[in-house]
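Geometric and topological summary
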Amino acid sequence: MAALNRSTLRRLQNLPQIPSVWEGDRRPLSNADSHMMLEDDDDPEAGGECILWVDGSEGVVRAMDMVGPDAGPEAIVRALLRAMEHPQSPAPAVRPQKIVVKNREIQFYLRGVLQDLGISIDYVPELPLIDEIFRGMEEVAINRPPELPPQYAEVLIEKAAHIWHDAPWRTLSEHQIISIEINQWDVASLYVSVLGQGRMDYGVLLYRSLESLKRFRERVVNDESFEDLEQAFLGQDCLFLTFESATDIDEDDEEEIDLADLPPSEIEPNFGNLHPLEGLRSILYEEEALTMLVALEAFHRFFRNSRRKLGAETFPNLNSRYRIPVPQSDGEIQQVSVKVSTMPEVSEELLQMLGDDDDDDDDDDEFEMPLLRDDLVPQNSFLSLGAVPWETVEFLRTSVQFHQGAEIDINTAGDGLPVVMIQTSHPKAKTMIQDLKEAGGVKAIGFNPGENPFEDEQYDLGILQTKNGDLYLFGEFNENDPVHQEARQKWERRCKFTNGWCGLVIAKGLMGASRGQPQFKDMVALFEVRWVSAKELGIGPLQLMPMF
């Protein structure tokens, strides 16, 4: 049996002792009770047993702990010491004169540990105050509404599975907004923003107003403090569907694991509501569930029918009408007519917010920004020039997390699409994709002469041009390297077969077994872009300049 150390005993002995009787107990809880108590505390060690210490004389709870069923009797003592020194109720730090418990083992254990504190520990068959507290918790748990209305839970989870299978985040960015006109349940329209392109969070936000959407985006791009951003998050007015792993992921692995890599059986949907006056609520009531059901089905149909058009370089102006069946409580089916439309003007406005945020120091940046940037491709990335067979290209177009399609149908002559393959870690790959998205996408890939006059060396510089006009260095090749010369010649021949089209493939798995030879599952992005000559780049030979 563990014993209190001498300094702790002296500290407890110095507490004033009052003539009160405390009740203490440890009891298992139902899943509903446990969930109710842990929702705010989010205690990772909790597993369904509750420890209570109550001052019977004052009728107040001095300490409450949730522990796992395997926690030893030491947990009871820890809660008791906190009840004495740091009670959770507004009460002074004191020692009780007497403790009563209804478990003989707890009684004997406490007698051994507390024998030098002058506290009497007795056994009683009933603990009326604690019994009343547990009865109250059980009543609250029984009356707590489910996260989803039971009559709609199954169909909502089915609709969520459709969205996960569609993976709209591979095609749509967060600023590309789609409206769903419902005109039911006091909801005129919902405005859909997709989460997940190049990030860990996947899902859809369904805003009840454009004002709420724009206000939140504006506050995010203004780089406000964490507290301000938290308030902005809670101030949104929307329904949401997000996805998470059905099993716990270690914090050390969290950055390396992408939900998109997990099988559908390991993905769990979460539904909820955000409102400025309610905050975050992980419960949908009946009308909210019906609204979500109709919106998800309408979005699923629209996205399925318009996927290729939505993946175009310019966000298109599209709209469609659908009749969505909604099950009624009496077993009948109600047909709800909805209109789904893209919102190019709103999407451009939101994209402009990001641009405006970066334009504050344009006058200074015009002189400070180098002609050729080297901050896109992560250090130590694996780089290769090659070709991807046409059947593989067709597979990647529908399976990668992000795809930028060509403006025209590429001629499928030759042995495949010439590509630049950049392999890095998964978090850095997602950052790179996000950077390219924010630059409007990739416009062209080319090679340009460069030299180091201090070493008298000539280089072939691989250059990537984004649609906002920036030029990025993705590779630096020695012009006299025969391996590179052969790869470059093959590259140019393949580009002629495709009438000047090539690709950029971003892959993960740099530190894994597939380093240097990424498999299909490792390829996370495909950009189909133009190949341009050094003359078309128009920047002329570049020289390495000394840094002073």
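Residues numbered from 1 in each chain as written. Predicted model: local features only at pLDDT ≥ 70, side-chain atom pairs only at ≥ 80, totals over all residues. Heavy atoms only, no water.

Things to note about the sheet that holds strand 5 (residues 120–123)
To be explicit about the condition: Two strands are said to pair when DSSP picks up at least two bridges between them. Starting at the N terminus, helices and strands are each numbered in turn, a helix being any DSSP run of H or I of at least four residues and a strand any DSSP run of E of at least two. Axis lines are fitted through C-alpha atoms, for helices just across the contact stretch, and the angle between N-to-C directions can take any value from 0 to 180 degrees. The contact definition used throughout considers only heavy atoms, calling two residues in contact when any of these lie within 4.5 Å.
If you trace the 5 strands from one edge of the open sheet to the other, you get 3-2-1-4-5, paired in mixed fashion. Two strands lie at the open edges of the sheet, namely strand 3 (60–67) and strand 5, each paired on one side alone. Pairs of neighbouring strands in the sheet enclose a mean axial angle of 20 degrees, with direction left out of account. Against the sheet, helix 3 (residues 74–85) touches strand 1 (17–28), strand 2 (49–55), strand 3 and strand 4 (95–101), its axis set at about 150 degrees to strand 3. Packed on one face of the sheet, helix 4 (residues 104–113) meets strand 1, strand 2, strand 4 and strand 5 and runs near 165 degrees to strand 5.

Things to note about the packing of aromatic side chains
Stated precisely, the cut-off is as follows: For Phe, Tyr and Trp, where Trp contributes only its six-membered ring, two rings pair if their centres lie within 6.5 Å, and the inter-plane angle classes them as stacked under 30 degrees, edge-to-face over 60, or tilted in between.
Within this structure, the stated rule accounts for 11 aromatic pairs. Their ring planes at 65 degrees and their centres at 6.0 Å tell us that Trp 169 and Phe 243 sit as a pair that is edge-to-face. Residue Trp 169 is located in the loop between helix 6 (150–166) and strand 6 (178–184), and its partner Phe 243 is located in strand 9 (residues 238–245); the two are separated by 74 residues in the primary sequence. Residues Phe 395 and Phe 520 carry aromatic rings whose centres are separated by 5.1 Å and whose planes lie at 40 degrees to one another, so their mutual orientation is tilted. Here Phe 395 is found in helix 13 (residues 390–399), whereas its partner Phe 520 is found in the loop between strand 20 (501–507) and strand 21 (523–532), with 125 residues between them in sequence.

Focus: the packing of helix 6 against helix 10 (residues 286–310)
Note the following rule: Between 65 and 115 degrees an angle is taken as roughly perpendicular, under 35 as roughly parallel, over 145 as roughly antiparallel, and anywhere else as oblique. Each crossing gets its handedness from the near helix: less than a right angle anticlockwise from the far helix is left-handed, clockwise is right-handed. Residues were grouped as follows: Ala, Val, Leu, Ile, Met, Phe, Trp, Tyr, Cys and Pro as nonpolar; Asp, Glu, Lys and Arg as charged; and all remaining residues, including Gly, as polar.
Where helix 6 contacts helix 10, the two axes come as close as 10 Å, and the packing angle between them is 25 degrees. Relative to helix 10, helix 6 is oriented roughly parallel. In this structure, the crossing between helix 6 and helix 10 has a hand that is left-handed. Between helix 6 and helix 10, the residues in contact are Gln 151, Tyr 152, Val 155, Leu 156, Lys 159, His 162, Ile 163 and Asp 166 and Glu 286, Ala 289, Leu 290, Met 292, Leu 293, Leu 296, Glu 297, Phe 299, His 300, Phe 303 and Arg 307, respectively. A per-class count over the contact of helix 6 with helix 10 returns 11 nonpolar, 3 polar and 5 charged.

As for helix 10
As a reminder, the rule being used: Bend is computed residue by residue as the angle between axes fitted to the seven residues ending at the residue and the seven residues starting at it. Note on exposure labels: buried denotes an accessible area under 20% of the residue type's maximum, exposed denotes more than 50%, and partly exposed covers the range between, all computed with a 1.4 Å probe on protein chains only.
The axis of helix 10 is deflected most strongly, by about 50 degrees, at Arg 304. Of all 25 residues in helix 10, 18 are buried, a share of seventy percent or more.

Concerning the sheet that holds strand 7 (residues 187–195)
Within the open sheet, the 8 strands sit side by side as 11-10-9-8-7-6-13-12. Their pairing is antiparallel. The outermost strands of the open sheet, each flanked by one partner alone, are strand 11 (279–281) and strand 12 (319–327). Strand after strand, the sheet turns through a mean of 25 degrees between neighbouring axes, direction not considered. Strand direction decides the pairing type here: strand 6 and strand 13 (residues 333–342), joined by 4 bridges, are antiparallel. In the strand pairing of strand 13, Ser 179 is matched with Ser 341. Sitting on the sheet, helix 10 is in contact with strand 6, strand 7, strand 8 (202–207), strand 9, strand 10 (267–275), strand 11, strand 12 and strand 13, with an inclination near 145 degrees to strand 12.

Thoughts on the nonpolar core
In plain terms, the rule: Definition of nonpolar core: a set of buried residues of the types Ala, Val, Leu, Ile, Met, Phe, Trp, Tyr and Cys, connected through side-chain atoms within 4.5 Å.
In terms of nonpolar packing, the biggest core is built from 50 residues, with Ile 180, Val 204, Phe 243, Phe 271, Phe 299 and Val 338 touching the most fellow members. The dominant element in this core, judged by the number of residues it contributes, is helix 10, at 12 residues. Residues within four places of Val 338 in sequence aside, it is in contact with Ile 180, Glu 181, Ile 182, Val 294, Ala 298, Ser 320, Arg 321, Tyr 322 and Ile 324. One finds Val 67, Val 77, Ala 79 and Met 84 within the second-largest nonpolar core, a separate group that totals 28 residues.

Remarks on the pairing of strand 12
Strand direction decides the pairing type here: strand 12 and strand 13, joined by 9 bridges, are antiparallel. Looking at strand 13, one finds that Ser 320 is bridged to Val 340. In this structure, the hairpin formed by strand 12 and strand 13 is closed by a connection of 5 residues, where Gly 331 is found at a positive phi of approximately 90 degrees.

Such coordinate-based values are descriptive only and should not be taken to indicate function.
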